[in-house]
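These are the residues of each chain, in order.
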Amino acid sequence: MSGSPYAWHMSTIAWPDLPAAQQPVWPDDAALQVVLAELRAQPPLVFAGECDILTDHLGKAARGEAFVLTGGDCAETFAANTADSIRARLQTVLQMSVVLTYAASLPVIKVGRVAGQYFKPRSNPIEVRDGVELPSYLGDAVNALDFTSESRRPDPQRLLKAYHASGAALNLIRAFTQGGYADLRQVHAWNQDFVRESTAGQLYDKLASEIDRALSFMHACGANPEEFTRVEFYAAHEALSLDYERALTRVDSRTGNLYDVSGHFLWVGERTRQLGGAHMHFASTIRNPVGMKVGPTASPEEVLEAVEMLNPDRVPGRLSLITRMGAGKVRDTLPAIVQKVEASGNPVVWVCDPMHGNTFEASSGHKTRSFDDVIAEVEGFFEVHRQLGTIPGGIHVELTGDDVTECVGGTHGVAEDGLGVRYETACDPRLNREQSLELAFLVADMLLRR
Ligand code: PEP
Ligand code: MN
């Protein structure tokens, strides 16, 4: 392969020994090393060129010429890596994106928390139930969710399984998005197996009819643009397990640059963004577009330092700052950070994650989020950017295509005492299909007023 434009090699990568938070304690290092060697020999899941195109698109979001929509599971699971589940999630993101594109006349960059979102950071490494202590669930790539000591033992074979599951998911997504399924003439069909009785579903149907009419008109005029028959869809996950991400990092022989070929877009989480830590160093090393979560305790100074570290060349689209302040704090904490970074001239994409600052425990004991808080944080985000004259570049949400009952509220409100009906998440509560679509209509409105 050497000399081919797609040759990748690993030989020159030396990773410094930096403190790394949130890493699993693998019980058998020899078994881990065997798996990592196997991972290093696997083909890439994504190409460097695709990552560069995404950076380019994100650059448009930094300038306000596009909007990023990132959505998907908090934690993907092997059990839910089925055609039906992947299609439902894809449909949800595509429907949301049609709403945003049509209502706000803005290109939408579609990104899934998918095909790699198998690792979870935890606030507490130990989970206690009825006096029994076990290691916390760290994502399907590390251990299993069942509360038994056998299931919670980290198993490196799961890393391989995560790689193969990601490849299978990405293959299906590529087929769906390139093979005619994402043709704009399908906008009605995406709504078919969805509650038409729901307000958001009906609103969507109306919008889909308008798009149909517009397409028929264009067709009658002789126009049938290729762009309407397929969509670009990118895969993103948190770069949490350094073992996994490093094993899938390759030197692109065309340019000598490093790419993490486990996904197009990687982000550093709120718990691993320490400036001297291994995750930030890893993210600064790869050429993929990257993100960093920014929570309410972040200081403007440390965020700016992170920005200069992750985007020293000031490439538009290279870095997204994914702010997750909480509905009650966003108006107080976000302005100083935005001002500091904008004053530096570094062109970041400002993205709102309205999920992670709004989690609470319901009286039933379920971890949940209120739809109203989610909307309130996005509103606060848009308001801060409007006041500062800066650009709200996108949203990043946890959602699923199914009718789960994990977040409370929305027009056909899930109530706190109804959370148990279909509470299926392996980690954080996700918006269901209807709540996601409703969010898209509300954000479309905010985009028009920004
Ligand atoms: C997540 O995105 O699932 C997550 C853990 O977020 P954060 O790092 O912002 O808490
Ligand atoms: Mn989450």
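Up top is the structure.
How each quantity is defined
- Residues numbered from 1 in each chain as written.
- Chains lettered and ligands numbered in written order.
- Predicted model: local features only at pLDDT ≥ 70, side-chain atom pairs only at ≥ 80, totals over all residues.
- Heavy atoms only, no water.
- Helix = DSSP H or I, 4+ residues; strand = E, 2+ residues; numbered from the N terminus.
- Rg over C-alpha atoms; globule rule 2.2 N^0.38 Å.
- Buried < 20%, exposed > 50% of the residue type's maximum accessible area, 1.4 Å probe, protein only.
- Contact = heavy atoms within 4.5 Å.
- Areas by Shrake-Rupley, 256 points an atom, 1.4 Å probe, with all protein chains shown as cover.
- Lys, Arg positive; Asp, Glu negative; His and termini not counted.
- Charge placed at Lys NZ, Arg CZ, Asp CG, Glu CD.
- Pairing = 2+ DSSP bridges.
- Axes fitted to C-alpha atoms, helices over the stretch in contact; angles between N-to-C directions.
- Donors = N, O, S within 2.8 Å, 3.2 Å for Na, K, Ca; no water.
- Disulfide = S-S within 2.5 Å.
- Near = heavy atom within 4 Å.
- Polar contact = N/O pair within 3.5 Å; in protein donor to acceptor, adjacent residues only side chain to side chain.
- Parallel < 35°, antiparallel > 145°, perpendicular 65-115°, else oblique.
- Left-handed = near helix turned anticlockwise from the far one by under 90°.
- Nonpolar A, V, L, I, M, F, W, Y, C, P; charged D, E, K, R; others polar.

K.L.:
Can you tell me about the overall build of the protein, naming the residues and giving the values?
P.N.:
Scanning the protein for helices and strands turns up 12 helices and 15 strands. For 450 residues, the compact-globule estimate of 2.2 N^0.38 gives 22 Å, and the protein sits close to it at 21 Å. When its C-alpha atoms are laid out on the principal axes, the protein stretches across 60 × 60 × 45 Å. The burial tally for the protein puts 56% of its 450 residues in the buried class. Long-range contacts, defined as pairs at least 24 residues apart, comprise 76% of the intrachain contacts of the protein with a sequence gap of at least 6. Carbon and sulfur atoms make up 52% of the accessible area of the protein, which amounts to about 17800 Å² in all. Averaging the coordinates of the 41 positive side-chain charges in the protein and doing the same for the 58 negative ones gives two points 3 Å apart.

K.L.:
I'd like to hear about the sheet that holds strand β15 (residues 392–398), residue by residue, with values.
P.N.:
Around the barrel, which closes on itself, the eight strands sit in the order β2-β3-β6-β9-β10-β11-β12-β15 with parallel pairing between neighbours. The mean angle between the axes of side-by-side strands here comes to 25 degrees, regardless of whether they run parallel or antiparallel. Relative to strand β11 (residues 319–323), strand β10 (residues 290–294) is paired through five bridges, and the arrangement is parallel. Bridged to V290 within β11 is L319. Contacting β10, β11 and β12 (349–352), helix α10 (residues 330–344) runs over the sheet at an angle of about 165 degrees to β12.

K.L.:
I'd like a rundown of the environment of A278, residues and numbers included.
P.N.:
Within the element layout of this structure, A278 appears in helix α8 (residues 278–285). When its relative accessible area of 2% is taken as the criterion, A278 is described as buried. Separated by 118 residues in sequence, A278 and H396 place their C-alpha atoms 24 Å apart.

K.L.:
Which residues make up the coordination of the manganese ion (ligand 2), and what values do they have?
P.N.:
Protein coordination of the manganese ion (ligand 2) is provided by C74 (SG), H356 (NE2), E398 (OE) and D428 (OD), with donor distances spanning 2.1 to 2.5 Å. The sequence pattern describing where the donors of the manganese ion (ligand 2) fall on their chain is C-x281-H-x41-E-x29-D. Linking E398 in strand β15 with D428 in the loop between β15 and α12 (433–449), this pair joins segments that are 30 residues apart in sequence. Its relative accessible area of 8% is what places D428 among the buried residues.

K.L.:
Any chance you could break down the environment of P225 for me, citing the residues and the numbers?
P.N.:
Its location among the elements puts P225 in the loop between α6 (199–220) and β6 (233–238). A relative accessible area of 23% places P225 in the partly exposed class. When the C-alpha atoms of P225 and L215 are compared, they prove to be 10.0 Å apart, with 10 residues separating the residues in sequence.

K.L.:
Outline the state of the cysteines, listing residues and values.
P.N.:
Applying the stated criterion across every chain yields a total of zero disulfides. Here C427 stays free of any disulfide, with the sulfur of C74 as its closest cysteine sulfur at 3.8 Å.

K.L.:
I'd like to hear about the site of ligand 1, residue by residue, with values.
P.N.:
Every residue lining ligand 1 is accounted for by C74, R113, K120, P121, W267, G269, E270, R271, K293, R324, H356 and E398. One of the side-chain N or O atoms of K293 is found 2.8 Å from an oxygen atom in ligand 1. Between ligand 1 and the protein, one listed contact pairs an oxygen atom with a side-chain N or O atom of E398 at 3.1 Å. Relative to its unbound accessible surface of 300 Å², ligand 1 loses 98% to contact with the protein.

K.L.:
So, the side chain of T55: which residues are in play, and what are the values?
P.N.:
Relative to the elements of secondary structure, T55 occurs in helix α2 (residues 48–62). We classify T55 as buried; its relative accessible area is 11%. The residues touching T55, leaving out its near neighbours within four places in the chain, are R287, P289, V315, P316, G317 and R318.

K.L.:
Any details on the side chain of H356? Residues and values, ideally.
P.N.:
Tracing the chain through its elements places H356 in the loop between β12 and β13 (359–361). Take H356: its relative accessible area is 18%, and that puts it in the buried class. Within the structure, the side chain of H356 is placed 2.7 Å from the side chain of D353, a separation counted as a polar contact. Looking at H356, its side chain comes within polar contact range of the side chain of D428, at 3.1 Å.

K.L.:
Which residues make up the pairing of strand β5 (residues 132–135), and what values do they have?
P.N.:
In this sheet, β5 lies alongside strand β4 (residues 126–129) in antiparallel orientation, the contact comprising four bridges. Counterpart to R129 in the pairing with β5 is V132. Hairpin connection, β4 to β5: the antiparallel pair is bridged by two residues, and D130 has positive phi, about 50 degrees.

K.L.:
Describe the packing of helix α3 (residues 83–104) against α12, with residues and values.
P.N.:
At a closest axis distance of 9 Å, the pairing of α3 and α12 adopts a crossing angle of 20 degrees. What the angle tells us is that α3 and α12 run roughly parallel. In this structure, α3 crosses over α12, and the sense of that crossing is right-handed. For the pair formed by α3 and α12, the contact residues are Q91, T92, Q95, M96, V99, L100, A103 and A104 on the first element and R433, S436, L437, L439, A440, F441, V443, A444, L447 and L448 on the second. Tallied by class, residues from the contact of α3 with α12 come to 13 nonpolar, four polar and one charged.

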